[in-house]
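# Coordinate inspection notes
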Amino acid sequence: MKDRATLIADIASDLQGIRLPPARATDLAAEVSRLNDAVRAATGQLSFDDDPAAYAALLAKASSS
Amino acid sequence: MTDWTSHDLVAIAAAITDGQVSSVAITEACLARIEAWQPHLNAFIRIDRAAALATAHERDRERAAGRLRGPLHGVPLAHKDMFYRRGRISTGGSAIRRDWIADRTATVIERLDAAGAIDLGTLNMAEFAAGPTGHNIHFGDCCNPWDPARVTGGSSSGSGASVAARLVFGALGSDTGGSIRMPAAICGVVGMKPTYGRVSRFGALPRSWSLDHVGPLTRSVADNARLLSIIAGADAQDSTASAHDVPDYEAALGRAMAGLRLGWPASLDGIDAGTLSALQQARGALERLGVRIVDVRLPELTPLFDTAETIIKCEAAAMHRPWLESRPQDYSNQVRWRMEAGFLIPATQYIDALRLRTHHTEAFLATTMDGIDALLLPTMPFATPTRAETDVERQPGATALAILARFSRFTRPFNLLGLPALSLPCGFDGNGLPIGMQLVGRPFSEALLYAIGHAYQQVTDHHRQAPSLVPGITRP
């Protein structure tokens with residue numbers, strides 16, 4: 001199984017056309033993992049009907065004036 | 001002889017309207033001051049001297065004929081070099097757009113023009129609005145007017161520096177993670193990041209469509225209220241610009257403080273002693289005005305930070321993809337590095353981050369903001385560092401990166417939540433650099449934040465302090 005840095009480098013190259021030096025791929029692997037894990041850890045609170053566009057309606061509804 | 005550049009925006013607008021001073025005289029005074037300070041600060045990317053004076057002459061003719069355009073008639077401003085004006089170069093602080101001529105005019109610029117303002121030129125900024133310090137390898141770093149060896153904060157670096165140095169009476173900036181508030185705090189001026197959608201983003205270079213906010217930097221809260229009242233409001237050219245009523249922010253400044261409830265975090269980890277001391281003194285001043293302090297608990301900020309980062313990186317990667325493919329060498333390393341993860345985060349995670357935004361905001365309003373009118377926080381967690389120790393481009397290393405990571409700890413979460421946040425001066429650190437405090441409110445509560453900030457500025461004078469130009473000292 002590929003290590004994470006190699007995976008990141010392959011994704012960058014094959015899917016995005018970006019060539020990453022090995023050290024950069026290692027740094028990005030850590031960064032992507034951190035951000036990925038942060039979002040995934042919170043998705044338990046999402047329901048099927050959660051719409052990204054609901055945010056604007058929330059701001060309007062929550063205004064104090 | 002009156003030094004008109006030492007007055008604030010509201011006073012100068014009145015002086016011009018009343019005929020005490022001409023717009024040409026004010027504009028010439030600003031231009032002279034800019035000429036003296038520019039070698040020290042590098043706050044401007046371009047100074048439009050001839051155009052500004054021509055406009056000033058026109059404003060004076062109009063005034064003499066009894067035709068006042070609006071509440072900024074004849075007042076000199078300048079803006080971060082990312083607000084497009086059709087036919088004029090808008091660099092975005094970048095090499096890639098060094099010669100790009102805008103094909104549209106930003107709504108906020110049109111509104112300021114309609115109010116009668118003079119535009120002195122374009123202000124320095126972090127490349128593509130991506131940087132919290134004010135470094136810029138393409139146009140030279142912007143330097144702090146209080147100590148040129150120190151950062152201005154970014155990415156609205158020139159906006160913070162020029163207002164602080166009294167080169168202009170106000171400036172627009174943009175804020176995706178703190179880029180209005182950080183330079184405002186570090187340079188000792190007032191900066192408002194309004195509610196998401198309060199101000200149109202049309203014609204403003206984007207950093208992240210979902211988290212970008214446009215707002216003013218000024219010398220005083222009253223000045224800031226005037227500028228926001230002019231630029232805020234719905235815009236048919238920006239579907240995210242809210243139709244929520246724009247109140248008379250200036251009229252609301254005199255609101256009584258008695259009974260207002262201000263949240264104070266029970267624990268403020270990661271801020272230095274000087275910042276905490278200044279914040280505690282500000283809290284005391286507000287209590288003496290009648291504000292009631294309520295202990296509140298902040299949520300863990302790291303999840304909010306990371307959710308915001310996910311959104312910013314993915315959107316920035318998408319918008320920069322063509323240039324990153326065709327001319328990656330024209331980006332500074334730190335700007336390119338900050339976007340690259342966006343190409344590798346799955347689309348589902350990006351979409352979930354947007355969906356989580358609603359949940360995080362609902363939870364924050366229901367818990368931390370429950371029972372309070374506004375929240376008091378630091379803007380920056382530590383004293384202003386030097387440009388040398390934060391120069392990740394020229395001296396990349398763990399220390400510089402660690403400092404940068406902490407810059408926006410108390411600002412970026414409120415870009416995700418989209419809540420209004422006002423930074424204003426509340427003291428000075430051990431090195432003589434300004435410290436800023438941040439007032440955060442509920443959606444569209446800018447008027448309340450302004451009222452609290454204005455009341456504070458009636459009993460303090462931090463915002464009246466201005467840096468002095470030291471002869472013979474040029475920027476390192």
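Data block above holds the structure.
These figures come from a predicted structure and were not determined experimentally.

## Let's talk about the packing of helix α2 (residues 22-42) of chain A against helix α11 (residues 347-366) of chain B
Viewed as axis vectors pointing N to C, α2 of chain A and α11 of chain B meet at an angle of 50 degrees, and their least axial separation amounts to 10 Å. Here α2 of chain A lies oblique to α11 of chain B, going by the angle between them. α2 of chain A and α11 of chain B meet at a crossing whose hand is left-handed. The residues of α11 of chain B that touch α2 of chain A, namely those facing Asn36, Val39, Arg40 and Ala42 of chain A, are Gln349, Asp352, Ala353 and Leu356 of chain B.

## With respect to the environment of Val440 of chain B
Residues and elements named next belong to chain B. Locating Val440 in the fold gives a position in strand β11 (residues 434-441). Residue class for Val440 comes out buried when judged on its relative accessible area of 0%. Taking C-alpha positions, Val440 is 4.3 Å from Ala421, a pair spaced 19 residues apart along the chain.

## Looking at the interface of chain A and chain B
Counting from both sides, the interface comprises 33 residues of chain A and, opposite them, 36 residues of chain B. Both faces considered, chain A and chain B share a buried interface measuring about 3000 Å² in area, 63% of it formed by carbon and sulfur atoms. For the chain A face of the interface with chain B, the top three residues by lost area are Gln16, Val39 and Tyr55 of chain A, together amounting to 20%. Run the count over chain A and chain B and you get 3 salt bridges. Counting every contact that joins chain A to chain B gives 13 residue pairs in polar contact (both at pLDDT 80 or more). Counting residues per element, the ones that place at least two in the side of chain A that touches chain B are α1 (4-16), α2 and α3 (54-62) of chain A.

## A look at the side chain of Arg97 of chain B
All names here are of chain B. Residue placement: Arg97 occurs in the loop between β2 (76-80) and α4 (107-114). This buried residue, Arg97, is left without a salt bridge; Asp103 holds the nearest opposite charge, at 7.0 Å. Residues in contact with Arg97, not counting those within four places in the same chain, are Tyr84, Ile89, Ser90, Thr91, Leu205 and Trp323.

## Let's talk about α3 of chain A
Within an α-helix, residues lying three or four positions from one another point in the same direction, as the helix has 3.6 residues per turn. Those residues of α3 of chain A lying buried are Tyr55, Leu58, Leu59 and Ala62 of chain A. One face of α3 of chain A carries all of its buried residues, which in axial projection span an arc of 100 degrees. Across α3 of chain A from its buried face, at more than 90 degrees, point the exposed residues Ala56 and Lys61 of chain A. In the core, the buried residues of α3 of chain A are packed alongside α11 and α13 (412-417) of chain B.

## Comments concerning the pattern of salt bridges
Tallying each qualifying case throughout the model produces 28 salt bridges over all chains. For Arg34 of chain A, the salt bridge identified is with Asp306 of chain B, shortest N-O distance 2.6 Å. Taken as a pair, Arg34 of chain A in helix α2 and Asp306 of chain B in helix α9 (residues 301-326) lie in two separate chains rather than in one. The salt bridge involving Asp119 of chain B is made with Arg88 of chain B; its shortest N-O contact spans 3.3 Å. Pair noted here: Asp119 of chain B is in strand β3 (residues 118-123) and Arg88 of chain B is in the loop between β2 and α4, with a separation of 31 residues, a long-range link. You can call Asp119 of chain B buried: its relative accessible area is 12%. Among the residues examined, Arg88 of chain B registers a relative accessible area of 15% and is labelled buried.

## Details of the pairing of strand β5 (residues 190-193) of chain B
Residue and element names in this part refer to chain B. Side chains Val190 and Met192 of β5 all project onto a buried face; the interleaved residues Gly191 and Lys193 project onto the opposite face, where all are buried too. Inspection of the sheet shows β5 paired to strand β6 (residues 213-218) by 2 bridges, in the antiparallel sense. Within β6, the position partnered with Val190 by the bridge is Thr218. Two elements, β5 and strand β10 (residues 421-428), share 3 bridges in a ladder whose sense is antiparallel. Paired with Met192 across the bridge in β10 is Leu422.

## A word on unusual backbone geometry
Residues and elements named next belong to chain B. For the bond running from Gly154 to Ser155, omega is 15 degrees, close enough to zero to count as cis. One can find Ser155 in the loop between β3 and α5 (157-164). Positive phi, normally seen in glycine, also occurs at Asn42, with a value near 55 degrees. In this structure, Asn42 sits in the loop between α2 (23-41) and β1 (44-47). Even without glycine at this site, Phe128 takes up a positive phi of about 55 degrees. With respect to the helices and strands, Phe128 occurs in the loop between β3 and α5.

Definitions and limits used
One numbering rule holds for all chains: residues counted from 1, following each sequence as written. Key to labels: chains lettered from A, ligands numbered from 1, both in the order written. The model is predicted, so local features are restricted to residues of pLDDT at least 70 and side-chain atom pairs to those at 80 or more, both for listing and for counting; the totals for chains, interfaces and linings are taken over all residues. The side-chain numbers reported here are obtained from all heavy atoms of the structure, hydrogens and water having been left aside. The angle between two axes is taken between their N-to-C directions and runs from 0 to 180 degrees, where each axis is a line fitted to C-alpha atoms and a helix contributes only its stretch in contact. For the purposes of this entry, the term helix denotes a DSSP run of H or I that reaches at least four residues, the term strand denotes a run of E that reaches at least two, and both are numbered from the N terminus. Each angle receives one of four descriptions, namely roughly parallel if under 35 degrees, roughly antiparallel if over 145, roughly perpendicular if within 65 to 115, and oblique otherwise. Two helices crossing with the near one rotated counterclockwise from the far one by less than a right angle form a left-handed crossing, whereas a clockwise rotation gives a right-handed crossing. Contact definition: two residues touch when any of their heavy atoms are within 4.5 Å. Burial classes follow relative accessibility: with a 1.4 Å probe on protein chains only, a residue under 20% of its type's maximum area counts as buried, one over 50% as exposed, and anything between as partly exposed. Here the buried area means the combined drop in accessible surface, using a 1.4 Å probe, for two parts upon being joined, counting both sides. We count a salt bridge whenever a side-chain nitrogen from Lys or Arg sits within 4 Å of a carboxyl oxygen from Asp or Glu. Polar contact is the term for a pair of N or O atoms within 3.5 Å; when the atoms are in protein, one must be able to donate a hydrogen and the other to accept it, and sequence-neighboring residues count only if both atoms are side-chain atoms. Positive charges come from Lys and Arg, negative ones from Asp and Glu, while His and the chain ends are left out of the count. Working note: the arc is built from the helix axis to C-beta atom directions. In this scheme, strands are said to pair when DSSP sees at least two bridges between them.

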